[in-house]
Structure formats: C-alpha cells, structure tokens
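Listed here are the chains, written in short residue letters.
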Number of protein chains: 2
Amino acid sequence: MARARLQARPQADTVREPAVGSRSVAILDAAEKVFAKSGFAGASMREIAETAGVAQALIHYHFDNKEKLFEAMIARRSGEINDVRATQLDRLLAAGRARLEDVVEALFRPTIEVGHSLARGGDGFSRILVSAANSVDERDARLTETYYDPIARKFIDAFCLIEPGLSRKEAVWAYMFSIGVGMTMMARTGRSARLSDGLCDDTDIDEMLREIVIYVCGGIRAMLTANPNRD
Amino acid sequence: MARARLQARPQADTVREPAVGSRSVAILDAAEKVFAKSGFAGASMREIAETAGVAQALIHYHFDNKEKLFEAMIARRSGEINDVRATQLDRLLAAGRARLEDVVEALFRPTIEVGHSLARGGDGFSRILVSAANSVDERDARLTETYYDPIARKFIDAFCLIEPGLSRKEAVWAYMFSIGVGMTMMARTGRSARLSDGLCDDTDIDEMLREIVIYVCGGIRAMLTANPNRD
DNA sequence: GTCTATAGTTCGATAGAC
DNA sequence: GTCTATCGAACTATAGAC
C-alpha cells in the first residue's frame, strides 16, 4: 500500500526541494501539464505517466490514486504562491498607508509569476486554478476552501482596512469580482487577441496586469462611493 | 446513420419549439444538467440517457456523438440568450444617450435569466458557459468563437460608442474583465457566502447583479480616466 | 522505488429488432 | 423513433517480480 502522505507546505527556513525522489517531482510536473490541458476527468493516469517518463504503477505507489495526486499537485503550488502573497501583503500593511493598487498587485502577481515560471511547462497551474475556482464540483470546492479561503480572508480584511468606507459584505463581493477579473489573466484563452485583432495580448503579463489593477481598483472604489459604510 | 443536423437558431417570427420529437428536447435538457455537473469529459452518455429517460442509443440517433450533442446543447441556449441581448442592446443604442449601466445590465441579465429559468433544472447552462469560457480546450474555444464572439463584438462597439475616450484596445480589455466578473455570478459556487459568513448570497440574482453593475462600470470608467483615448 | 502485466470496470458507439 | 444487447477500446487500480 502506498504512502501518499501529503507533502507539508515548505516553511521559509526549509530546504527548497523536499527529500523525495526526483521521479515524484516529475510526476507532479506531468500532472500539472496534463490536468491543465484536459481537466480532472479528461486527464488519464496513463498520459501523466508517459509525460513523466515513469510507469503508471509508480504514480499509485507515490500518490495512491488520481484524487490524491490532484490534491498533492494543488498543495505544492498553492503553498509556494500563497506564502509569497501573504508575505507581500503583510509587508504592505506593516508599512502603513498601503495603496489599494499595491494590495491588488500582491493579490495577482505571485499567482501568475509562480504559475508561469515555476512550472517549466508554462502556465499549467494557473489554468487548473481557474477551473477549480469556478467549479461546483465537490472536490474542487473542498480544495478551494482548504488552500485558498484562508488567504482570501486576509485580502478581504486588507480591503476593509484600506477602504474603511467599505462594508464587510461589499468587501467580499469586491474580492469575488476581482478574482473573477484575475481569471481572465490566468485562463489565457487567446480570446482577447481574437476580439481585438491582435491589439490585446494575453501572453503579455505586465501589460495585462497593469490594466487589471486599474480596472479592479476602479471597481472596488465604485462600490465604496455607491454605498458607503456608515458605521 | 443518424442525422445530427444542428438545429437552426430560432428566428423571432418562428414557432417557439422546433418540430422535433419531445424526446429530443428531453435529451438536451438532460445533457445540460449532466454536462453542468461533471463537465464534458466527466459526463457519460449513459447518465444523460438515464436522466432523460431514454435509451442510450437514441442519443446517438438524434445527435450522432457526444461532441455534437454538446454543441447542439450550446447552440440551443446561446441562440435564445444572445437574441435577447442583441435586442436589448440595439434598443438602448437606438434610444440615444444610453447609460453604461444599462449596457452592462443588458450584457448580464439575459444570460442569468435564461440560464436560470428556462433550464428547469436550474442554472446548468450558466455553469457550462463559465467552464467553456475559461477553457483552452480546442472544442470550447471553437464554440466560444462561434456562438459568443459575434455578440461580444457588439458590446465592445457599444463600450466605445458610449465612452468615446476608451480606445479599442481598452474596450476589449474592459469587456474581457467584465465577463470575468460575470463568471462569479454564473458559477455560483457558494464561496461568497462562505467567505462572508452568509452576508453575500450568490443565489440572490438581483442583489448580485446590482453590485456587479456598480463594480463593472467603475472598472471601465477607471480605464478611461487612467489612459484616455486622444484620437 | 520502479517495473511489467493484467484484472475489473466503464465508456462511446453500433447492430439489429420492432 | 425507440429499444435491447453487445463490441471493442480506454480507463483506474492492483499483483507481484526485481
């Protein structure tokens, strides 16, 4: 019977790569690619094994089954990403008088930078996040709750702190809507280029992020003036 | 060999329900439910047949294969929805001096009203749209291009017309971001309620739409002032 | 840890009766 | 148009050698 214990999130003072066989990492990388391309149901353990260059049985040895492999893959990257996000947010708030623009930047940039550069294969993890975040599937909901709700609450708190006129309720709506905007950036379907005859390039991260920050901050501040919190 | 011809989009002066057997409609309704729950790959023809109360072979008789069934299901609802959206948009523009708020309302309301009420089973179609819109899968991209790009261009044109300071490029970004916000509403994952301890209810369409219109218009106008078009 | 081989299930699609 | 029955392929997972 396989171990399939979930890797603990690496702490700041821990070695970069956990002490597991390199095959194990190759499997996670392959899983990221294949799940990103085909979704959970559409991906097959066979293709993941072939992509990783290992026998199919080895995946079961390391991760037990498809569900647990999927969760291990989420756990690995979300740990990296959300540690960076939390650190950046804390630094902004500790410095006092943080601008909303900086908080929104801290909300999005780590996700695309890790999702884009760390996964050597490209932006696979971002795509998996997009599909999980929009899914009503019980597994996706549980993973979102486990790996993303805690950091979401931190950012909602930050919204309320920076814009005291925002009620808690509107801060949560603002957060949900903003994450929705971020999806556009992470999904990278190429549709923006199609609709704009090439003017908008969703592979240009910096350009897109600049536009997104403007749009998202404008949206949040509009909620503020439309219905200011009177407490 | 089965027919599997795609149903033509009903014109305004055409009878409501096409002259196909009621079983055929039952199959499309069932497909909507099952595809919404499990996605394309996760759904099985067996479950769709059981949900529709017909033999599995009948689906192949009417729609040939799984791919074509999926497209027929998209074609049916997108026709209904986008006819309403185009009509409302044209009426707003013909009346002159349309408000951005009204255009954004015309962008979203028909989708949720049709997706929510017409599909007796609930909001299945909305969920399918969300997953298709965010997918890099070739099939999903082709369907989005075929059934949603034309109406998207109309709304982008409207953005440019109403806010002349908006460049074409920013209008496309604004459209993409706004659709992203709309996803929050259509996906209805229940996450907003979880993050707000029940304050935000994503089953309350009117409340959510009101907040979304405020946020989206604020976002679009922020792009305008941040980088006005000088033509 | 890693492999080959395969058991056991489920799937999409088809054949053919009515 | 609608059904029953079934084929052949693909899938997840396991057994067992090394």
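Residues numbered from 1 in each chain as written. Chains lettered and ligands numbered in written order. Predicted model: local features only at pLDDT ≥ 70, side-chain atom pairs only at ≥ 80, totals over all residues. Heavy atoms only, no water.

A.B. asks: Mind showing me how you'd approach the nonpolar core here?
C.D. replies: Across soluble globular proteins, nonpolar side chains show a tendency to be buried alongside one another. Residues A:F35, A:L69, A:F159, B:F35 and B:L69 are the most contacted members of the largest nonpolar core, which totals 150 residues. In this structure, B:L69 is in contact with B:I27, B:L28, B:A31, B:F35, B:M45, B:I48, B:I59 and B:F63, ignoring residues within four places of it in sequence. (Core = buried A, V, L, I, M, F, W, Y, C linked by side-chain atoms within 4.5 Å. Buried < 20%, exposed > 50% of the residue type's maximum accessible area, 1.4 Å probe, protein only. Contact = heavy atoms within 4.5 Å.)

A.B. asks: Before we go on, may I ask you to explain the protein's contact with DNA strand D in this structure?
C.D. replies: Looking at DNA strand D, there are 16 residues lining it, with A:M45, A:R46, B:R23, B:A55 and B:Y61 nearest. Each atom of DNA strand D within 4 Å of the protein belongs either to a base or to sugar and phosphate, the latter forming 51%. B:A55 places a main-chain nitrogen or oxygen 2.8 Å from a phosphate oxygen of DNA strand D. In terms of residues, the surface near DNA strand D owes the most to one element, helix α3 (residues 56-63) of chain B, which gives four residues. Within the surface near DNA strand D, the residues separate by chemical class into eight nonpolar, five polar and three charged. (Near = heavy atom within 4 Å. Polar contact = N/O pair within 3.5 Å; in protein donor to acceptor, adjacent residues only side chain to side chain. Helix = DSSP H or I, 4+ residues; strand = E, 2+ residues; numbered from the N terminus. Nonpolar A, V, L, I, M, F, W, Y, C, P; charged D, E, K, R; others polar.)

A.B. asks: Teacher, can you tell me more about the packing of helix α2 (residues 45-52) of chain B against α3(B) here?
C.D. replies: The geometry of a pair of packed helices is captured by two quantities: the angle between their axes and the separation between those axes. All names here are of chain B. At a minimum axis separation of 8 Å, α2 and α3 run at an interaxial angle of 100°. In terms of axis orientation, α2 runs roughly perpendicular to α3. Contact residues: α2 offers M45, R46, I48 and A49, while α3 offers Q56, I59 and H60. (Axes fitted to C-alpha atoms, helices over the stretch in contact; angles between N-to-C directions. Parallel < 35°, antiparallel > 145°, perpendicular 65-115°, else oblique.)

A.B. asks: I keep staring at the domain arrangement of chain A and nothing clicks. Help me out?
C.D. replies: Frequently, the measure chosen for interface size is the accessible area removed from exposure when the parts meet. Residues and elements named next belong to chain A. Each domain of chain A was delimited in the assignment, giving domain 1 (16-64) and domain 2 (71-226). For domain 1 versus domain 2, the distance between C-alpha centres works out to 27 Å. Summing both sides of the interface, domain 1 and domain 2 together bury roughly 910 Å²; the carbon and sulfur share of this comes to 64%. Looking only at domain 1, the three residues that lose the most surface to domain 2 are L28, E32 and A36, adding up to 55% of its buried area. (Domains from an automatic or database assignment. Buried area = accessible area lost by both parts, 1.4 Å probe.)

A.B. asks: Even after reading the chapter, I still don't get the relation of the copies chain B and chain A, so can you show me in this structure?
C.D. replies: Between chain B and chain A, the superposition needs a rotation of 180° and an axial shift of 0.0 Å, giving an RMSD of 0.0 Å. Such a combination of turn and shift is consistent with a two-fold rotation axis. Of all interface residues in chain B, 98% are interface residues in chain A too; the two copies therefore contact each other through one and the same surface. (Least-squares fit on C-alpha atoms with pLDDT ≥ 70 in both.)

A.B. asks: Got a minute to help me understand the environment of B:Y215 in this structure?
C.D. replies: If you trace the backbone, B:Y215 turns up in helix α10 (residues 205-226). Taking the C-alpha atoms as reference points, B:Y215 and B:S178, 37 residues apart in sequence, are found 9.1 Å from one another. Those residues within four positions of B:Y215 in sequence are excluded, and the remaining contacts are A:A174, A:F177, A:S178, A:V181, A:Y215, A:V216, A:G219, A:I220, A:M223 and B:V181. At a separation of 2.7 Å, a polar atom in the side chain of B:Y215 contacts the side chain of A:S178.

A.B. asks: Quick question: what am I supposed to make of the pattern of salt bridges here?
C.D. replies: Opposite charge on two side chains allows them to pair when their charged atoms are near. This model, assessed by the stated rule, comprises 48 salt bridges over all chains. Between A:D157 and A:R168 there is a salt bridge whose closest N-O contact spans 2.7 Å. Of the two residues, A:D157 sits in helix α8 (residues 149-162) while A:R168 sits in helix α9 (residues 168-187), which places them eleven residues apart along the sequence. For B:E207, the salt bridge is made with B:R210, and the minimal N-O distance between the two is 3.6 Å. Of this pair, B:E207 and B:R210 both sit in helix α10, three residues apart, which is roughly one turn of the helix. Using a relative accessible area of 11% as the deciding quantity, one classes B:E207 as buried. Taking relative accessible area as the criterion, B:R210 reaches 51% and is therefore assigned exposed. (Salt bridge = Lys/Arg side-chain N within 4 Å of Asp/Glu carboxyl O.)

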